[in-house]
Amino acid sequence: MSTNAESSTLLDQDRIQNFLNSDGSLDVLLNRLKQSITTGEEFSKFVKKKAVIEDEHYNQLKKFASHTRTTMKGSTKLKNDSFSSKLDSIIEFDEKLFNVGSSYVKALNVMYDELTSLIGTVSRSRKTIKDESKRKEKECLDSVMTAEKAKQKYYHLCDDLEKLKASDPNKKSFSLKNKSAEQQEDDLQRKVDAADQDYKLRVTTCKKLKDEILMLHRPASSKKLKNLILEMDIAMNVQLQKYATWNENLIMNSGVLISPLKQEGSSKTSMKALASAIDNEKDLYNYLIKHEKQASNKSLVPVEYRMHPSIAKTQKPSKPFLNNSNSTNHTNVAAGLNNSNNSRNDSIANNTKLTSNNTTNSSFSPPSNKIVQASMLNSDSHAQTESDASNQTYSSLDPASNPNTPDLNGPRSLSSQLNQASQPTFGVSIENVIQFAGIDNVPLIVKKCIEVIENYGMDIEGIYRTSGNVTTVQNLKESIDQKFTNYLMIGNNIDPNNVLDADIYCIASLLKCYFTSLPEPLLTKEYYQSFIETVKSLDETYIAKKLHHLVFNLPDGAYFTLRALIFHLNKVAADEAPNRMTTKSLAIIWGPALLNDNSMSPQDLSYKSKVVEELMLIANEIFDTDD
């Protein structure tokens, strides 16, 4: 029999969580909750009916037994001897059973009231969740249909314009208003432009609604439904155990054991044992596993923006994305980062003041207001291209090999889209990379490498110490520089059941390569020497406080990337037994990578390693810990 402790982790598995966030989860969970409610209704009907029957039974038994005893005592026709006395006592036993039976009937009525109240509450909650979820899905579906209509209108107008441009201008105009070919072309061009703007707007709206469903409404609805199912099932389980207990008390008090005596060879199981063997969470787990392959709702897939080929031919390439100061998206992201920096500078000032006033205090408050919301464009690209990239291999490095890759930045000019796709990742300022390929102020390539290594490589000996295949690493690096969405290929060829050490070594080498190729050290040129001078001190308290202050002053991109990397390295060091990588050995490797000024003197390398080692040791004190 499974214990609750064992089953409590079943619903936390990634397999279950992925299904709960899928398109088919809502109907499956609603159906499962409806089954629980129907079961509860049948259970409550049974309890109520039995309470009526048992109440009538014990009242009639008491009444009949009392009448019989009175008749026997008052009758002169019956013999008055020891038999009559024993018979009276035996009948009196039936009369006394009323007290036992009445308690049983009262318990059944209480159970019925509790079940009825629970069923009513859960039913109302289910209806509310269902109506809200269906409303959100209908909004998204209507938006998708509207975007599709706008797309068709745009494409039809573009086709008409293309035909008009390709027609012989010397032929007679086919316009009913006798307009010239040039006038017709101007009119069509204005209609195409208007249709294009409407198309872009509709696409943006349907994507926004789908994102709200994926990120907010569906996880919340799935969680509420899951909790309601467990609440309903656990409540019924409790009532069933109470029902079993009252039956045992009734039978035992009547002199009959409903729970059989334990005898050799006996296969009988008591009612209470059966009730206690129920595992609600395991029941729900098996139900969800059975339905996890539920087909997704394809009608909710947002429309992708595709510029008409005839328009694309006439567009001229613009400047690269990072140099395009007029890019609306670039400006918005930069504004968001500036706001974040202003907020964090206030926090820095407060922290500096606190440090100067408490020079002997060795505990630190974690930084606040560090989480800057990443661009929705990045989260969209990650969610929508994950499934496409998972089927590629390291040999498929040509960006043109995947024509279905979605536009990660939403409606934009064709030149902006083309420049974005070829935007290099390696050797570019970390702040700039984050604007087009980052989330939570951390480059996507860093997040992906860390994710793969933590999933598959924590127990591989010599991780980060052993270099990966140079050719493989270089090919992957060039592929990502050619098209930054190819970061999704990192680790996609790994077989979870047969992880090869060489694959993990390549990913670890790629991660180190990214940091060593930065145009300036991750810890910045401005604070580089301050980090080195700090660890030269022999005062551990001073080192910790000074490092805390320096880390606070880092730009947001460097801060959050450093935070992600240091917590990752601590996880690697925590698995020292299998991977043979201690905090010190990791610091020796990563010191030159994070402070990459090309200085190779032994003394400089020692201080670089010391900086990383100290940051790892006090990570929980100077960074917000992971949720």
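Residues numbered from 1 in each chain as written. Predicted model: local features only at pLDDT ≥ 70, side-chain atom pairs only at ≥ 80, totals over all residues. Heavy atoms only, no water.

By the naming in an unreviewed UniProt entry, the protein chain is RHO GTPase-activating protein RGD1, taken from Debaryomyces fabryi.

A. Spatial organisation of the overall build of the protein chain. Secondary structure assignment for the protein chain yields 22 helices and two strands. Out of the 627 residues in the protein chain, the part that is buried amounts to 43%. When contacts within the protein chain are restricted to residue pairs at least 6 apart in sequence, those whose partners lie at least 24 apart make up 83%. By element, 52% of the accessible surface of the protein chain is carried by carbon and sulfur atoms, the whole surface being about 33,500 Å². (Helix = DSSP H or I, 4+ residues; strand = E, 2+ residues; numbered from the N terminus. Buried < 20%, exposed > 50% of the residue type's maximum accessible area, 1.4 Å probe, protein only. Contact = heavy atoms within 4.5 Å. Areas by Shrake-Rupley, 256 points an atom, 1.4 Å probe, with all protein chains shown as cover.)

B. Focus on the packing of helix α16 (residues 525-535) against helix α17 (residues 540-553). As a packed pair, α16 and α17 sit with axes 9 Å apart at the nearest point and diverge in direction by 170°. In terms of orientation, α16 and α17 fall into the roughly antiparallel class. Taken as a pair, α16 and α17 cross one another with a handedness that is left-handed. On α17, the residues that touch Y527, S530, F531, T534 and V535 of α16 are Y542, I543, K546, L547, L550, V551 and N553. Of the residues assigned to the contact of α16 with α17, the class counts are eight nonpolar, three polar and one charged. (Axes fitted to C-alpha atoms, helices over the stretch in contact; angles between N-to-C directions. Parallel < 35°, antiparallel > 145°, perpendicular 65-115°, else oblique. Left-handed = near helix turned anticlockwise from the far one by under 90°. Nonpolar A, V, L, I, M, F, W, Y, C, P; charged D, E, K, R; others polar.)

C. How the structure looks around the packing of aromatic side chains. One pass over the structure, following the stated rule, counts twelve aromatic pairs. Taking the centre distance of 5.8 Å and the plane angle of 75° together, the rings of F426 and Y514 count as edge-to-face. Of this pair, F426 sits in the loop between α11 (414-421) and α12 (430-437) while Y514 sits in helix α15 (residues 501-516), placing them 88 residues apart in sequence. Note on Y514: relative accessible area 1%, which makes it buried. Centroid distance Y514 to F515: 5.4 Å. Interplanar angle 80°. Geometry classified as edge-to-face. Three or more aromatic residues joined by ring pairs form one cluster here, namely F426, Y464, Y514, F515 and W590. Taking the ring centre of Y112 as reference, the NZ or CZ of K48 above it sits at 5.2 Å. (Phe/Tyr/Trp six-rings, centres within 6.5 Å; stacked < 30°, edge-to-face > 60°. Lys NZ or Arg CZ within 6 Å of the ring centre and 35° of its normal.)

D. Inspection of the pattern of salt bridges at higher detail. For the coordinates displayed, the defined rule picks out 19 salt bridges. When the shortest N-O distance is used, the salt bridge between D131 and K127 registers 2.9 Å. Linking D131 with K127, this pair stays in helix α4 (residues 82-166), spanning four residues, or about one helical turn. Taking relative accessible area as the criterion, D131 reaches 39% and is therefore assigned partly exposed. Among the salt bridges present, the one from K447 reaches D440, with a minimum N-O distance of 3.9 Å. (Salt bridge = Lys/Arg side-chain N within 4 Å of Asp/Glu carboxyl O.)

E. View of unusual backbone geometry. Unusually for a residue other than glycine, Y464 sits at a positive phi of about 75°. Inspection of the secondary structure puts Y464 in the loop between α13 (444-456) and α14 (470-482). Residues other than glycine seldom take positive phi values, yet R580 does so here, at roughly 60°. On the secondary structure map, R580 appears in the loop between α19 (576-579) and α20 (583-594).

F. Representation of the nonpolar core in the model. With 77 residues, the main nonpolar core has Y464, I490, F515, F531, L562 and W590 as its most contacted residues. For this core, the element with the highest residue contribution is helix α18 (residues 556-574), accounting for ten residues. Core analysis: the second largest hydrophobic core is formed by 37 residues, V28, Y58, L225 and M236 among them. (Core = buried A, V, L, I, M, F, W, Y, C linked by side-chain atoms within 4.5 Å.)

G. How the structure looks around α12. Most of α12 sits out of view: six of its eight residues are buried. All buried positions along α12 are accounted for by I430, V433, I434, Q435, F436 and A437.

H. Representation of the confidence of the model for the protein chain in the model. In the predicted model, the protein chain carries a mean pLDDT of 76, and the fraction of residues at 70 or more is 72%. Within the model, the stretch residues 315-421 combines pLDDT values under 50 with 177 contacts to residues more than four positions away or in other chains. (pLDDT = per-residue confidence, 0-100.)

I. Representation of the environment of V611 within the structure. The residue V611 is located in helix α21 (residues 602-617) in this model. For V611 and W590, which are 21 residues apart along the polypeptide, the C-alpha to C-alpha distance reads 9.7 Å. Contact partners of V611, with chain neighbours within four places excluded, come to L523, F531, I532, V535 and L595.

J. Main features of the packing of α18 against α20. As a packed pair, α18 and α20 sit with axes 10 Å apart at the nearest point and diverge in direction by 155°. In this view, α18 runs roughly antiparallel relative to α20, as classed from their interaxial angle. Here α18 and α20 pass one another in a crossing that is right-handed. Here L562, L565, L569, V572 and A573 of α18 lie close against α20, whose contacting residues are T583, L586, W590 and L594.

K. Quick peek at α20. A rise of 1.5 Å per residue sets the reference length of α20, with its twelve residues, at 16 Å; its end C-alpha atoms lie 15 Å apart and thus fit the reference within 8%. Residues of α20 that are buried: S585, L586, A587, W590, G591, A593 and L594. (Expected span 1.5 Å × (residues − 1).)

L. Here's a closer look at the side chain of K136. By the secondary structure assignment, K136 is in helix α4. Of the buried charged residues, K136 lacks a salt bridge, with E132 as the closest side chain of opposite charge at 4.1 Å. Other than its neighbours up to four places away in sequence, K136 contacts I213 and H217. (Lys, Arg positive; Asp, Glu negative; His and termini not counted.)

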